[in-house]
Amino acid sequence: MSSLVEFDSLYVHVPFCKNICDYCILYSVVENSREVRKAYLDKLESDLNQASKQLNSLKTIFVGGGTPSALSFEDLERLIKLLQGLSPQDEFTIECNPSSVDQAKLEMMYSKGVTRLSFGGQSTSRKTRKMLGRRTGDMELFSAIDLAQKVGFTRINVDLIYGVPGQTLADWQFDVEQVLKRGIRHFSAYSLILEEGSELSKRIHETDDDLAVEMYHLCEDLLKEAGLERYEVSNYAVPGQECRHNLDIWLGARYLGLGPAAASFDGVLRWTEKADLKAWIKGEQAEYDQIPQKERSAEVLAFGFRTKLGWKKERLHSLYGIDVLIEYKEILDTLMTQGLLEETKSSIRATQQGLLFADEIASVLVEYAQGISE
Ligand code: SF4
């Protein structure tokens, strides 16, 4: 870990889940031992102490997982107390599963300075949840949102998934409309991806892409009507309610990731903690990214093109010490000619069409960077 850098953002990975959903490839474990959870929190405390000098000007904290809310009340309280003193300027988010929050946990989080909740809802349709191997009750998402709002939270995100085999357009419309009825001002809509290695990919081999595209457009229309605008490929918000943490990271912020499988970036180097709870607790070394600098700059550049805002040109003169506007001119011009990127007086960003092809833009940029590195 660099000893000089002041990080902008802190991410904490809580790897515990009550059960593992069939589509998920995030690092998580079903671990009920109190000793292991205590050892996890002890290690986190020690890592935070070690990094304390680099966390003095944090803008955001994001606690994700796994399922942070699956911790017991006492463990969750200890975790939040460890972070409370860091006083992020802009935002302190915790991811929650609707089935593992209750009034006591929500009140404690609110009183200790958590400013934003992100609920993994996925779907309220029983058959869709069954397909995803997700074990939550029918209307738990909506009761969790209602409860969080009663406690006082105004910044709430809901994640939902579309394009699931068996899910109809009407199922999807019901979920989106019900969320909007609750005055939610931030929404993440993810198209199901059959990730290699997930349980779901062993059962299902293809999805209905045409229906997924219909769902994508329906969602965009419903959200637009309610005043939520797309600001990243899968994220929508009422202007001013965007997730500051993710937005900063997509646009090259320096972030420290603590916890197993957590990734960090100090502006030059990227590293990832061991994706193995016990090895991480023992203090096994993180793995440093060996990607050449030009390729890395292409990846960071592509990340920024996932956002509607895109890159301010002045920033592109200094990305990794590489003048992207000169080095990547040819490929940027090609992507603009293809209508995937556009240039304004002060920025370069993806077009509406480009946001649909963000992964393709990323591959083209990385390939180009590999070509100029040779
Ligand atoms: S989707 Fe969420 S709750 Fe399900 S296994 Fe993955 S991290 Fe855990």
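It should be noted that the structure appears before, not after, this text.
Let me sum up the structure you'll find in this document. Keep in mind that what you see is a predicted model, and the values were worked out from it rather than measured.

1. Some details on the pattern of salt bridges
Part 1 of the reasoning: Enumeration according to the criterion identifies 24 salt bridges in this entry.
Part 2 of the reasoning: The salt bridge involving D22 is made with R203; its shortest N-O contact spans 2.6 Å. Residue D22 is found in the loop between strand 1 (9-14) and helix 1 (34-51), and its partner R203 is found in helix 7 (residues 199-203); the two are separated by 181 residues along the sequence.
Part 3 of the reasoning: Owing to a relative accessible area of 41%, R203 belongs among the partly exposed residues under this scheme.
Part 4 of the reasoning: Here E229 and K308 are joined by a salt bridge, their closest N and O atoms 3.7 Å apart. Placement of E229 in strand 7 (residues 229-232) and of K308 in the loop between helix 11 (293-304) and strand 13 (311-312) is noted, with a sequence separation of 79 residues between them.
Part 5 of the reasoning: Salt bridges linked by common partners bring K38, D42, E45 and R78 together as one network.

2. Quick notes on the packing of aromatic side chains
Part 1 of the reasoning: Applying the stated criterion to the full structure yields nine aromatic pairs.
Part 2 of the reasoning: Plain terms: the ring middles of Y40 and W280 are 5.5 Å apart, the flat faces sit at 40° to each other, and that makes the pair tilted. Here Y40 is found in helix 1, whereas its partner W280 is found in helix 10 (residues 277-282), with 240 residues between them in sequence.
Part 3 of the reasoning: Given the relative accessible area of 0%, W280 is considered buried.
Part 4 of the reasoning: The cationic tip of R37 hangs over the ring face of F16; the distance from NZ or CZ to the ring centre is 4.8 Å.
Part 5 of the reasoning: In this structure, K43 packs its charged tip against the face of W280, placed 4.6 Å from the ring centre.

Conventions and cut-offs
- Residues numbered from 1 in each chain as written.
- Predicted model: local features only at pLDDT ≥ 70, side-chain atom pairs only at ≥ 80, totals over all residues.
- Heavy atoms only, no water.
- Salt bridge = Lys/Arg side-chain N within 4 Å of Asp/Glu carboxyl O.
- Helix = DSSP H or I, 4+ residues; strand = E, 2+ residues; numbered from the N terminus.
- Buried < 20%, exposed > 50% of the residue type's maximum accessible area, 1.4 Å probe, protein only.
- Phe/Tyr/Trp six-rings, centres within 6.5 Å; stacked < 30°, edge-to-face > 60°.
- Lys NZ or Arg CZ within 6 Å of the ring centre and 35° of its normal.

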